[in-house]
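# Secondary and tertiary structure notes
Each chain is listed here by its residues.
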Amino acid sequence: MAAKIPVSTGATAMKYDLVIKNGTLVDGSGMPAYRADVGVAHGRVASIGRIKAPAKEVVDAEGHVVSPGFIDGHTHMDAQVSWDPLGTCSCYHGVTSVIMGNCGFTLAPCRKDEKDLVMRNLERAEDISPAAMEAGIHWTWETFPEYLDAVEALPKGINYACYVGHCALRTYVMGERAFEEEASATDVEAMQREVRDAIRAGAMGFTTSRTRNHQTPDARPVASRLANWDEVRALVGVMGEMNAGVFEIASEDTGRDPEVIRDYLNRLKALAVDTGVPVTYGMFASRRAPEVWPHFFNITDEAAAAGGRMFVQVHSRSLSVVLSFETTTSLDRLPVWSDLRKKPLAEQKAAFQDPAMRARLVQAFENAPAGSERRVGAEARRPDFDWMFVMDRPSPPFGTVAEVAAQRGVHPVELMMDLAVEKDMKALFNQPLFNEDQDQVLAMMKHPRSVVTFSDSGAHVSQIMDSSLQTHVLAYWLREKQAVTLEEAVNMLTFSPASHWRLRDRGLLREGFIADLNVFNPDTVAPRMPYVSYDLPAGARRLVQKADGFAATIVGGEVVLRHGEHTGALPGRLIRGPAAQRA
């Protein structure tokens, strides 16, 4: 563990509010690290160099890196910001600014008496508890500008920016019809007006989803999936007319057919070129279709040559479901299992130790036909025990369930039960859905038109735990694999996302820039083990993961987290998009 960094407090009439002394500065640009002090005044970096002037607060960063705060361009904190000002778990991993409203899912525009429509879009597609939303959100808005004002008024530990989402636009204009039919010309014109108002008020852009992985609780498509391509073009065109905003899409299901892939990507390229709006989407590799992902990167070069801009959001590791008997497992819907999993954990633990019940549970798995259930999004799939792992440490490598079961001489299902009993039902298992090949992950991370992001923080809260993707870069790719330099790693997490989303005065450690900063030990920074907590409104559960190695995380010049603990400061701000900044 890193040594505690001393903090001193002086007189109040000082030139600087905060000075960070003796640190190694990695400024986000990619240029080599250097030693210097950083002086902060009025929420901005006031001076970089050797500082002898006094300050209200001094952080001694000897042996630590001082970097810009990390930026996550793909989160779903739209509901969470109402009850969690810190932005956990992202803040624990050095993230100081997030962009929410991805994949077409936002809470506005929406009338209060129709909030069930937007909650319906979020509940299954993003695994956000409706009980938590009902208990935790104080609905004070209707329009998107009013929603931004509501977020601005909330206490915040980190900074938030927000897209306007297609699902909410459709349900606001069309009501229940949004889940059933294409929009009329009148509907589209009404949605265009809402997009224009949202961008003018400070939305970062417009997002949509066209993937079958996004369904409502009753297995219907979310509202945006009913839109035809002309509707999408019309709404993106509004941003083109305004010369503002980014278009983000949860992509169509193209499968492996090269012609289908090419048709979809050509439509995206044409949209970027014709409107001048930057187009972005997430992409993962798959061991089942390893030839697909390069197409989604090659098209970005073609778009650039034609005068458009496209960039790809990538992850830093496998996209995996974290399984637990405290939350969900791949076995929960099987006969026998489904009844048992409704019982208290103590009764489940006892059943796992009953030889007769154990035999029935194993047989229920063996008798279940493959492909008998349709799982979407981040829901757990039927287990392939050669591709399910015992998560006994925060980061890979893990042993597979099949390997560990063979070592113990038991059936893989028995191993899961045994580990659950040994860990008092807190054993964790890791089931990769995509990005199984880490060489491919690194290639995507290093592509010149990619940005490392896509934590999905705020969503899938009992299914995945990817808020730690930033600390994974530092602990795994930088320190363990030495596949990137310190300067490259920090650039990936700071200046790169700030530039792609046009976040002014952020992402670089420069005089005059907003003082969003991290002080971390590169020798110890790493994610901790996740655990299950019941700290959401209405007692809803989620996975929580903290990190080691951060001496301080600073937002707007104030220390928000010191050694991973909240200081009580809430200096976060709403970040409004370029159109609002120009107004």
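Just so it is clear, the model here is predicted, and its values are computed rather than measured.

## Observations concerning the overall build of the chain
- Along the backbone of the chain there are 18 helices and 27 strands.
- Whereas a compact globule of 583 residues would reach a radius of gyration of roughly 25 Å, the chain reaches 24 Å, a difference of no more than 12%.
- For the chain, the C-alpha atoms occupy an extent of roughly 75 × 60 × 45 Å along the three principal directions.
- When the 583 residues of the chain are sorted by exposure, 62% land in the buried category.
- Restricting the contact set of the chain to residue pairs at least 6 apart, pairs at least 24 apart contribute 76%.

## Here we look at helix 7 (residues 258–275)
- Between the first and last C-alpha of helix 7 there are 26 Å, a value that for 18 residues agrees with the 26 Å anticipated at 1.5 Å per step.
- Those residues of helix 7 lying buried are Ile261, Tyr264, Leu265, Leu268, Leu271, Ala272 and Thr275. Burial along helix 7 is one-sided: seen end-on, the buried residues are contained in an arc of 115 degrees. For helix 7, the exposed residues lying more than 90 degrees away from the buried face are Pro258, Glu259 and Asp274.
- Where the residues of helix 7 are buried, they touch helix 6 (229–242), strand 12 (246–250), strand 13 (279–282), helix 8 (293–306) and strand 14 (310–314).
- Looking at where helix 7 begins, the residue whose side-chain oxygen comes 2.9 Å from the main-chain nitrogen of Glu259 is Asp257.
- Two residues or fewer past helix 7, Gly276 is found with a positive phi of approximately 75 degrees.

## Section: the packing of helix 12 (residues 401–408) against helix 13 (residues 412–422)
- Where helix 12 contacts helix 13, the two axes come as close as 9 Å, and the packing angle between them is 85 degrees. Relative to helix 13, the element helix 12 lies roughly perpendicular. Between helix 12 and helix 13, the residues in contact are Val401, Val404, Ala405 and Arg408 and Pro412, Leu415, Met416, Asp418, Leu419 and Glu422, respectively.
- Taken together, the residues of the contact of helix 12 with helix 13 break down into 7 nonpolar, no polar and 3 charged.

## As for the nonpolar core
- Core analysis: the largest hydrophobic core is formed by 122 residues, its most contacted members being Tyr147, Phe247, Leu268 and Tyr281.
- Among the elements that take part in this core, helix 6 stands out by supplying 7 residues, more than any other.
- Membership of the second largest hydrophobic core comes to 33 residues, among which are Ala368, Phe385, Val390 and Val404.

## Digging into the environment of Arg233
- One can find Arg233 in helix 6.
- As for Arg233 and Pro497, which are separated by 264 residues in sequence, their C-alpha atoms are 25 Å apart.
- Not counting residues within four places of it along the chain, the set of residues in contact with Arg233 comprises Ala270, Leu271 and Asp274.

## Side note on unusual backbone geometry
- Omega for the peptide link from Thr88 to Cys89 comes to 10 degrees, which places this bond in the cis form.
- You can see Cys89 is positioned in the loop between strand 7 (70–72) and strand 8 (95–100).
- Here Pro396 and Pro397 are connected by a cis peptide whose omega angle stands at 10 degrees.
- With respect to the helices, strands and loops of the structure, Pro397 is situated in the loop between strand 16 (389–390) and strand 17 (399–400).
- Phi angles above zero are rare outside glycine, and Asp127 is one such case at about 50 degrees.
- Mapped onto the secondary structure, Asp127 falls in the loop between helix 1 (115–125) and helix 2 (130–136).
- Classification of Asp127 by relative accessible area gives buried; the value is 17%.
- A positive phi angle, near 65 degrees, is found at Ala219, a position not held by glycine.
- Examined against the element boundaries, Ala219 turns out to sit in the loop between strand 11 (205–209) and helix 6.

## A word on the side chain of Glu326
- Structurally, Glu326 can be placed in the loop between strand 15 (319–324) and helix 9 (337–340).
- Among the polar contacts made by the side chain of Glu326, one reaches the side chain of Lys426 at a distance of 3.3 Å.
- The contacts of Glu326, once residues within four sequence positions are left out, are Leu345, Met425, Lys426, Val532, Tyr534 and Arg541.

## A short note on the pairing of strand 8
- Counting buried positions along strand 8 yields 6 of 6 residues, so the element is predominantly enclosed.
- Relative to strand 8, strand 7 runs parallel, the two being bridged by 3 bridges. Paired with Ile71 across the bridge in strand 8 is Ser97.
- Alignment of strand 8 against strand 9 (residues 159–162), held across 4 bridges, turns out to be parallel. Bridge pairing links Met100 to Cys162 in strand 9.

## Description of the pattern of salt bridges
- Within the structure shown, the criterion is met by 43 salt bridges.
- A salt bridge links Glu252 to Arg267; the shortest N-O distance between them is 2.8 Å. With Glu252 in the loop between strand 12 and helix 7 and Arg267 in helix 7, this residue pair connects regions lying 15 residues apart in the sequence.
- Residue Arg333 pairs with Glu379 through a salt bridge whose shortest N-O separation is 3.7 Å. Placement of Arg333 in the loop between strand 15 and helix 9 and of Glu379 in the loop between helix 11 (355–367) and strand 16 is noted, with a sequence separation of 46 residues between them.

## Comments concerning the packing of helix 6 against helix 7
- Taken N-terminus to C-terminus, the directions of helix 6 and helix 7 make an angle of 30 degrees; their axes are 10 Å apart at the nearest point. Considering the angle they form, helix 6 stands roughly parallel to helix 7. For the pair helix 6 and helix 7, the crossing hand works out as right-handed. On helix 7, the residues touching Trp229, Val232, Arg233, Val236, Gly237 and Gly240 of helix 6 are Arg267, Leu268, Ala270, Leu271, Asp274 and Thr275.
- Split by residue class, the contact of helix 6 with helix 7 holds 6 nonpolar, 3 polar and 3 charged.

About the cut-offs
- Residues numbered from 1 in each chain as written.
- Predicted model: local features only at pLDDT ≥ 70, side-chain atom pairs only at ≥ 80, totals over all residues.
- Heavy atoms only, no water.
- Helix = DSSP H or I, 4+ residues; strand = E, 2+ residues; numbered from the N terminus.
- Rg over C-alpha atoms; globule rule 2.2 N^0.38 Å.
- Buried < 20%, exposed > 50% of the residue type's maximum accessible area, 1.4 Å probe, protein only.
- Contact = heavy atoms within 4.5 Å.
- Expected span 1.5 Å × (residues − 1).
- Arc of directions from axis to C-beta.
- Polar contact = N/O pair within 3.5 Å; in protein donor to acceptor, adjacent residues only side chain to side chain.
- Axes fitted to C-alpha atoms, helices over the stretch in contact; angles between N-to-C directions.
- Parallel < 35°, antiparallel > 145°, perpendicular 65-115°, else oblique.
- Nonpolar A, V, L, I, M, F, W, Y, C, P; charged D, E, K, R; others polar.
- Core = buried A, V, L, I, M, F, W, Y, C linked by side-chain atoms within 4.5 Å.
- Pairing = 2+ DSSP bridges.
- Salt bridge = Lys/Arg side-chain N within 4 Å of Asp/Glu carboxyl O.
- Left-handed = near helix turned anticlockwise from the far one by under 90°.

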